[in-house]
Amino acid sequence: MQIDEGQSICPECGGRLETFPVIHHMLCAYIGPEYDFPGISEDRTCPKCRRKLVRGEAEIVGDSARCLTCDRELVVFPAVANE
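Residues numbered from 1 in each chain as written. Predicted model: local features only at pLDDT ≥ 70, side-chain atom pairs only at ≥ 80, totals over all residues. Heavy atoms only, no water.

1. Some details on unusual backbone geometry
Okay, so step 1: If you check the backbone angles, Arg50 has positive phi at about 65° while not being a glycine.
Okay, so step 2: One can find Arg50 in the loop between β3 (30–33) and β4 (58–67).
Okay, so step 3: Of note, Asp71 is a non-glycine position whose phi angle comes to about 65°, a positive value.
Okay, so step 4: As for its position among the elements, Asp71 is in the loop between β4 and β5 (73–77). (Helix = DSSP H or I, 4+ residues; strand = E, 2+ residues; numbered from the N terminus.)

Spelled out as structure tokens, the structure:
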């Protein structure tokens with residue numbers, strides 16, 4: 001399911017949503033929400049290849065949200081730039 005950026009209520013249960021960046025580890029091609037990568041900021045490791053994330057080898061490719069009540073995971077549509 002997809003939601004608009006800035007949405008804070010779960011469309012399924014009405015619970016509160018928490019937003020997380022989606023990380024792409026370019027060395028092994030794993031893509032997942034930040035909470036999939038264990039560790040603290042500078043010491044995060046990839047859950048697929050178990051390598052430490054190094055600047056330049058990982059990028060943030062979007063956002064995801066998870067409901068704090070029902071644990072549903074949602075994809076967040078990026079905001080459309082006004083031209």
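2. Description of the packing of aromatic side chains
Okay, so step 1: Tallied over the full model, the rule gives two aromatic pairs.
Okay, so step 2: For the pair Phe20 and Tyr35, a centre-to-centre distance of 4.8 Å together with 80° between the ring planes defines the contact as edge-to-face. Residue Phe20 is located in strand β2 (residues 17–25), and its partner Tyr35 is located in the loop between β3 and β4; the two are separated by 15 residues in the primary sequence.
Okay, so step 3: We classify Phe20 as buried; its relative accessible area is 12%.
Okay, so step 4: Residue Tyr35 is classed as partly exposed on the basis of its relative accessible area, which comes to 26%.
Okay, so step 5: The ring of Tyr35 carries the charged tip of Arg66 above its face, separated from the ring centre by 3.8 Å. (Phe/Tyr/Trp six-rings, centres within 6.5 Å; stacked < 30°, edge-to-face > 60°. Buried < 20%, exposed > 50% of the residue type's maximum accessible area, 1.4 Å probe, protein only. Lys NZ or Arg CZ within 6 Å of the ring centre and 35° of its normal.)

3. Section: the nonpolar core
Okay, so step 1: By size, the foremost hydrophobic cluster in this structure holds seven residues: Ile3, Cys10, Leu17, Ala65, Cys67, Leu74 and Val76.
Okay, so step 2: Elements with a minimum of two residues in this core: β4 and β5.
Okay, so step 3: Residues in contact with Ile3, not counting those within four places in the same chain, are Pro11, Leu17, Ala65, Leu74, Val75, Val76 and Phe77.
Okay, so step 4: Formed by five residues, the second largest nonpolar core is a distinct cluster that contains Ile23, Cys28, Phe37 and Leu53. (Core = buried A, V, L, I, M, F, W, Y, C linked by side-chain atoms within 4.5 Å. Contact = heavy atoms within 4.5 Å.)

4. Notes on the pairing of β2
Okay, so step 1: A large share of β2 lies buried, amounting to seven of its nine residues.
Okay, so step 2: Alignment of β2 against β4, held across nine bridges, turns out to be antiparallel. In the sheet register, His24 faces β4, and the bridge partner there is Glu59.
Okay, so step 3: Examined bridge by bridge, β2 and β3 share four bridges and lie antiparallel to one another. Directly across from His25, in β3, lies its bridge partner Tyr30.
Okay, so step 4: Hairpin connection from β2 to β3: four residues lie between these consecutive antiparallel strands, with Ala29 at a positive phi of about 75°. (Pairing = 2+ DSSP bridges.)

It is worth stressing that arrangement in space is one thing and function is another; only the former is reported here.
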